[in-house]
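# Examination of the molecular architecture
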Amino acid sequence: MIQEIKINKTQTPKSKGDLKDLGFGKIFTDHMFLMDYDKDKGWHDARIVSFAPLEISPASVVLHYAPEIFEGMKAYRTPKGKIQLFRPMENIKRMNNSAERMCLPKIDEDMFMDALKKLVELEKDWVPSEPFTSLYIRPFMFANDAHLGVHTPEKVVFVIILSPVGSYFKEGINPVRMLIEKDDVRAVKGGTGFAKCGGNYAGSLRAAEIALQKGYAQVLWLDAVEKKYIEEGGGMNVMFKIGGKIITPMLTGSILPGITRKSILELAKSEGIPCEERLISVQEIEEAVRKGTLEECWCCGTAAVIGPIGELAFGDEKFTINDFKTGPMARRLYDELTDIQWGKSEDKFGWTVPVC
Ligand code: PLP
Ligand code: COI
């Protein structure tokens, strides 16, 4: 059921500057969406208010046991100055799947969509228009009971904040180096890997920091049981082009089902490019490098879009891919996908949703 959203506009709007050199997730717009849940009343008090700190008790359960989930999506400015979302219903459904896994309450899909559209419309002047920029949308939900017993949450807060962004990696669409992580693991089947919950990321920070210090942009996680199969990056999925085929790790339950991943597969298949979703081992990558059949590799996600991987390291071994250059398939998919997102080409798939 859609509730009425009360809008309380800020009296002190921030200066937007020129919305250039944005980086990722450092600047926030003037308003945020908030909604509260409690066990007896359900979701209530949907409102858009000034972007401001939230008040939570030191005993709030999220600070202790981390019941928190989030999403990441973007609004794009088209050449005609219109604003559109990319596959928002996919994010809404994934957030509800994450909620189910984490014992958090689901949100009515139409209510969620209405909140997204109203907030983005109110903040439309914050959607940047420079090449490669967009308005990143971060919906998140956390349990907020002030009660230290480990329990199913009874009070929950749902928030949507917005951030004008540029490239996620400082390299932009240029290749990055990635380290295949041998020691720490991210997620295991039956765990929370398929859910977008904060805890998955907290546990990945140590390996990511070590990789960063060694000059790698991110880690590539292996499956947690055999430590043999590639799973995904810290904040993105991964794809390989081997012998003319696009191969990406199958969704085993420990990997996030990325919307960019899904869109690339649908796009590539519609063009007759062979795609496989299956287990892919480090050994297979090593063999493909030896035989010269590993043509390209890239990571993909909302924040990163498509980021070519120019080098993969595994212990002392280093595999250089496509001479550390952006490959033609990554470039082509990047152009085709972003042309749809930025409204520069016809959206044959019906993926975009107009806001205003
Ligand atoms: N895998 C992880 C761990 C992520 O954090 C993300 C980013 O959301 C992705 C994959 C890619 O998902 P999507 O394409 O839906 O952004
Ligand atoms: C995204 O791509 O939206 C993500 O959530 C990745 C990262 C910033 C955690």
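Residues numbered from 1 in each chain as written. Chains lettered and ligands numbered in written order. Predicted model: local features only at pLDDT ≥ 70, side-chain atom pairs only at ≥ 80, totals over all residues. Heavy atoms only, no water.

## Concerning empty space enclosed by the protein
The final tally for this structure, using the stated rule, is 2 cavities of 30 Å³ or more. Within this model, the largest cavity holds a volume of roughly 70 Å³. Lining the largest cavity, in full, are M73, K74, Y76, F86, N91, I259, T260, T302 and Q341. Broken down by element, the residue count for the lining of the largest cavity peaks at 3 residues, all from strand 5 (residues 73-77). Within the lining of the largest cavity, the residues separate by chemical class into 4 nonpolar, 4 polar and 1 charged. Forming the walls of the second largest cavity are E296, C297, P308, I309, I321, N322, K325, T326, G327 and A330. When contributions to the lining of the second largest cavity are tallied by element, the ones reaching two or more residues are strand 15 (294-301) and strand 16 (305-314). Considered class by class, the residues forming the lining of the second largest cavity number 5 nonpolar, 3 polar and 2 charged. (1 Å grid on protein atoms, 1.4 Å probe; cavity = no way out; pocket = protein on both sides within 12 Å on 5 of 7 lines; lining within 4 Å. Points joined across faces, edges and corners; volume = space filled by probe spheres on them. Helix = DSSP H or I, 4+ residues; strand = E, 2+ residues; numbered from the N terminus. Nonpolar A, V, L, I, M, F, W, Y, C, P; charged D, E, K, R; others polar.)

## Considerations on the site of ligand 2
For ligand 2, the full set of nearby residues is F24, F70, G72, Y136, R138, Y168, K196, Y201, G235, T302 and A303. Here K196 contributes a side-chain N or O atom positioned 2.7 Å from an oxygen atom of ligand 2. For ligand 2, whose free accessible area comes to 280 Å², the fraction covered by protein is 90%. For the shell around ligand 2, a count of residues per class yields 6 nonpolar, 3 polar and 2 charged. (Near = heavy atom within 4 Å. Polar contact = N/O pair within 3.5 Å; in protein donor to acceptor, adjacent residues only side chain to side chain. Areas by Shrake-Rupley, 256 points an atom, 1.4 Å probe, with all protein chains shown as cover.)

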